[in-house]
Amino acid sequence: NVVHQRKVHPVKVILMDGMKKHFLLPVDQPVSANIALICEKLGCDKSDLGLFLMDNPDPLRDDLSIPEQVESLDAFFFLQRGCFAIEGGIKATDQYLQHRDEILERTHILPSDRDRKIELAAIVCHIEHGPFAPDLCSNISEQLFEMWEIKNDRGSIEMLEGEWLRCDGMTKEQSSFRFVQVCRSL
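Rules of the game
- Per chain, residue numbering runs from 1 following the sequence as it is written.
- Thresholds applied to this predicted model are a pLDDT of at least 70 for local features of residues and 80 or more for the giving and counting of side-chain atom pairs; totals over whole chains, interfaces and linings are not thresholded and use all residues.
- To obtain the side-chain values, all non-hydrogen atoms of the structure were used and water was disregarded.
- Strands here mean DSSP runs of E at least two residues long; helices mean DSSP runs of H or I at least four residues long; both are numbered from the N terminus.
- Burial status follows relative accessibility: with a 1.4 Å probe on protein chains alone, a residue under 20% of its type maximum counts as buried, one over 50% as exposed, and anything between as partly exposed.
- Throughout, a contact is declared for two residues whenever any of their heavy atoms are within 4.5 Å.
- Here the Shrake-Rupley method, with its probe set to 1.4 Å, supplies the accessible areas, and only the displayed protein chains count as covering residues.
- Any pair of N or O atoms that falls within 3.5 Å is considered a polar contact. Within protein, one atom must be able to donate a hydrogen and the other to accept it, and sequence-neighbouring residues count only if both atoms are side-chain atoms.
- The disulfide criterion is simple: two cysteine sulfur atoms within 2.5 Å.
- For every residue, the predictor states its confidence as a pLDDT score lying anywhere from 0 to 100.
- Take a side-chain nitrogen of Lys or Arg and a carboxyl oxygen of Asp or Glu: if they are within 4 Å of each other, that pair is a salt bridge.
- Angular values range over 0 to 180 degrees, each being the angle between N-to-C directions of two axes fitted as lines to C-alpha atoms, with helices fitted over their stretch in contact.
- Any angle between 65 and 115 degrees counts as roughly perpendicular, while under 35 counts as roughly parallel, over 145 as roughly antiparallel, and the rest as oblique.
- It is the rotation of the near helix from the far one that decides the hand of a crossing: anticlockwise by less than a right angle makes it left-handed, clockwise makes it right-handed.
- Nonpolar residues are Ala, Val, Leu, Ile, Met, Phe, Trp, Tyr, Cys and Pro. Charged residues are Asp, Glu, Lys and Arg, and all others, Gly as well, are polar.

1. Notes on the overall build of the protein chain
The number of helices and strands found in the protein chain is six helices and six strands. Across the 186 residues in the protein chain, those meeting the buried criterion constitute 40%. Relative to all contacts within the protein chain whose residues are 6 or more apart in sequence, the contacts with residues 24 or more apart total 65%. Carbon and sulfur atoms make up 50% of the accessible area of the protein chain, which amounts to about 10400 Å² in all.

This is how it looks when you write it as structure tokens:
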């Protein structure tokens, strides 16, 4: 008896909540089969999900395998809704601007948890200022902490730096989507 074994490979995936996970996936299978396997392991619905490569707004094709579409399996992939930048006809960047303005104008509840405030502030920094830069962070941290009502101490600065670094590699749309997710969870 000959037993056919699928070729499995560790694949790094950033989930919709920003969590990074590694999955052993049969990469020779179509992307749709790999998404179904990820969702089965996570216990979530696979409808309208897509795998995205960093810095590419288009999802990988469902009918082709991952190696047929990327140069390296060492990259991080994002698991997102197929049209994650559009929700109900409104772009995530527009929703981001709306939620950000509501929080800063205090018409939306400001999170009471310091960690959540810093997470949101770091996402704003990434969207509005780009990748983490130590000089920029130290220049804007005082104003930022005042705006977000965060105590300006060494621990808060270090946490802001860490959260901002976590956003590196995300596109503006992905960061906007994450910001909207966090705001809706408040």
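Moving on from the coordinates now.
2. What about the side chain of S176?
Considering the arrangement of structural elements, one finds S176 in helix 6 (residues 172-184). Only 2.8 Å separates the side chain of S176 from the backbone oxygen of K172, close enough to count as a polar contact.

3. Here's the deal with unusual backbone geometry
The backbone phi angle of E149 is positive, close to 55°, even though this residue is not glycine. Assignment of secondary structure puts E149 in the loop between helix 4 (134-147) and helix 5 (154-167).

4. With respect to the state of the cysteines
Enumeration according to the criterion identifies zero disulfides in this entry. Between C137, a free cysteine, and C125, which holds the nearest cysteine sulfur, the sulfur-to-sulfur gap is 6.5 Å.

5. Some details on the confidence of the model for the protein chain
Counting all residues, the mean pLDDT for the protein chain is 79, and 82% of those residues have values of 70 or more. Between residues 82-90, whose pLDDT stays under 50, and residues either more than four places distant or in other chains, the model counts 21 contacts.

6. Some words on the pattern of salt bridges
All told, the structure shown has eight salt bridges when counted by the stated rule. For R154, the salt bridge goes to E158, with nearest N and O atoms at 3.3 Å. Residue R154 and its partner E158 are both found in helix 5; the two are separated by four residues, about one turn of the helix. A cluster of three or more residues bridged by salt bridges with shared partners is formed by R100, D101 and E128.

7. A short note on the packing of helix 3 (residues 114-129) against helix 5
Between helix 3 and helix 5, the shortest axis-to-axis distance is 8 Å and the interhelical angle comes to 50°. Our classification of the angle between helix 3 and helix 5 gives oblique. The way helix 3 lies across helix 5 gives a crossing that is right-handed. Contact with helix 3, carried on its side by R114, D115, I118, E119, A121, A122, I123, C125, H126 and H129, involves G155, S156, M159, L160, E163, W164 and C167 of helix 5 and no other residues of that element. Taken together, the residues of the contact of helix 3 with helix 5 break down into nine nonpolar, four polar and four charged.

8. Re the environment of R106
Mapped onto the secondary structure, R106 falls in the loop between helix 2 (92-104) and helix 3. Apart from the residues lying within four places of it in its own chain, the contact partners of R106 are M147 and E149.

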